[in-house]
Amino acid sequence: MTGQPARVRLLIVDDHPIVRDGLRGAFTGSPEFEVVGEAGNGAEALDLVAELDPDLVLMDLRMPVMDGVTAIHRLGETAPRVRVLVLTTFDTDNDVLPAIEAGATGYLLKDAPTEELLRAARVAARGEAMLSPTITKRLMDRVRRPGNGVLSARELEVMRLVAHGSSNKEVASALFITEASVKTHLLRIYDKLGVRDRAGAVGEAFRRGLVT
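Residues numbered from 1 in each chain as written. Predicted model: local features only at pLDDT ≥ 70, side-chain atom pairs only at ≥ 80, totals over all residues. Heavy atoms only, no water.

1. Topic: the overall build of the protein
For clarity, the cut-off: A run of H or I in DSSP becomes a helix once it reaches four residues, and a run of E becomes a strand once it reaches two; helices and strands are each numbered from the N terminus. Only protein chains enter the area calculation, which uses a 1.4 Å probe; residues under 20% of their type maximum are buried, those over 50% are exposed, and those in between are partly exposed. Pairs of residues are marked as contacts when any of their non-hydrogen atoms sit within 4.5 Å. When charges are counted, Lys and Arg are positive and Asp and Glu negative, with His and the chain ends excluded. Charge coordinates come from a single atom per side chain, which is NZ of Lys, CZ of Arg, CG of Asp or CD of Glu.
Across its full length, the protein holds 10 helices and 6 strands. Along the three orthogonal principal directions, the C-alpha set of the protein runs to about 75 × 30 × 30 Å. The 212 residues of the protein split such that 47% are buried. Taking all contacts inside the protein whose residues are at least 6 apart in sequence as the whole, residues at least 24 apart take part in 62%. Taken together, the 27 basic and 30 acidic charged side chains of the protein have centroids lying 7 Å from each other.

2. Looking at the packing of aromatic side chains
Rule in force here: Under the pairing criterion, centres of Phe, Tyr and Trp rings, with the six-membered ring standing for Trp, must be within 6.5 Å; the plane angle then separates stacked pairs below 30 degrees from edge-to-face pairs above 60, leaving the rest tilted. Whether a charge lies above a ring is judged from NZ of Lys or CZ of Arg, which has to be within 6 Å of the ring centre and within 35 degrees of the ring normal.
Following the criterion strictly, the structure yields 1 aromatic pair and no others. Ring plane angle 80° and centroid distance 5.0 Å describe the contact between Phe27 and Phe33, whose orientation is recorded as edge-to-face. According to the relative accessible area criterion, Phe27 is buried, its value standing at 0%. Taking relative accessible area as the criterion, Phe33 reaches 2% and is therefore assigned buried. Positioned above the aromatic ring of Phe90, the side-chain terminus of Arg62 is 3.6 Å from the ring centre.

3. Structural notes on the side chain of Glu155
Rules: In protein, a polar contact means a hydrogen-donor-capable atom and an acceptor-capable atom, both N or O and within 3.5 Å, with residues adjacent in sequence counting only if both atoms are side-chain atoms; elsewhere, any N or O pair within 3.5 Å suffices.
Tracing the backbone through its elements, the reader meets Glu155 in helix H7 (residues 153-163). Among the polar contacts made by the side chain of Glu155, one reaches the main-chain amide nitrogen of Ser152 at a distance of 2.9 Å. Those residues in contact with Glu155 that lie beyond four places of it in its chain are Val150, His185, Arg188, Ile189 and Lys192.

4. Observations regarding the sheet that holds strand S2 (residues 33-39)
Paired through backbone hydrogen bonds, the strands of a sheet run either parallel or antiparallel to each other. We apply this condition: Two strands qualify as a pair provided DSSP detects at least 2 bridges between them. Helix axes use the C-alpha atoms of the stretch in contact, all axes being lines fitted to C-alpha atoms, and the angles between their N-to-C directions lie in the range 0 to 180 degrees.
Pairing within the open sheet is parallel, and its 6 strands lie in the order S2-S1-S3-S4-S5-S6. Each end of this open sheet is capped by a strand with a single partner; those strands are S2 and strand S6 (130-131). Sheet topology note: the strand S5 (residues 106-109)/S6 ladder contains 2 bridges and is parallel. Within S6, the position partnered with Tyr107 by the bridge is Leu131. Sitting on the sheet, helix H1 (residues 17-28) touches strand S1 (8-13), S2, strand S3 (56-59) and strand S4 (83-88), and the angle it makes with S2 is about 165°. In the packing of helix H2 (residues 42-52) onto the sheet, contacts are made with S1, S2 and S3, and the angle to S2 comes to roughly 135°.

No statement about biological role is implied by the geometric values presented.
So, in structure tokens, the structure goes:
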């Protein structure tokens, strides 16, 4: 007679206690998971992973002391066996891509239904990639976009100045380039962001998290 499969040992990491309480409740109701601990930031998470040896970490991204992406990087070095499922409210390119590049096994948004969350946790615990439909679409759109939508370092500098109200002349002065160069950079930015004009570029840059 075979015994029951071992439960997935889960560590919840989020800086909001009410969110942690809700997540604990969702997983406590499932016999497949055992919530072994909670942390309020990435630094606490690293300490608890070393102490509790969980199988899966449910990781928020934007937290005080140490953010989620930094914690994922560190876990890759100190506890490579542990899987990480990102659970956050943020879906901009500046949030998604660094988390995946850092080594997150999955990425899910907090508005996901409980059943989808449990399914994502099961998949991630097996070491299989798990992305929410919204994130999958965002990555596909990014791949299909002309130039992959990736702005160069100089284009980002131009975009950030423009987004905060600088004229072409002011941008040229701040970056020590000519106004003609600024116009050229803007045309490339429009193409990469899939917009037609300055206002569209600013709106799209804020939407993607390229500027804040």
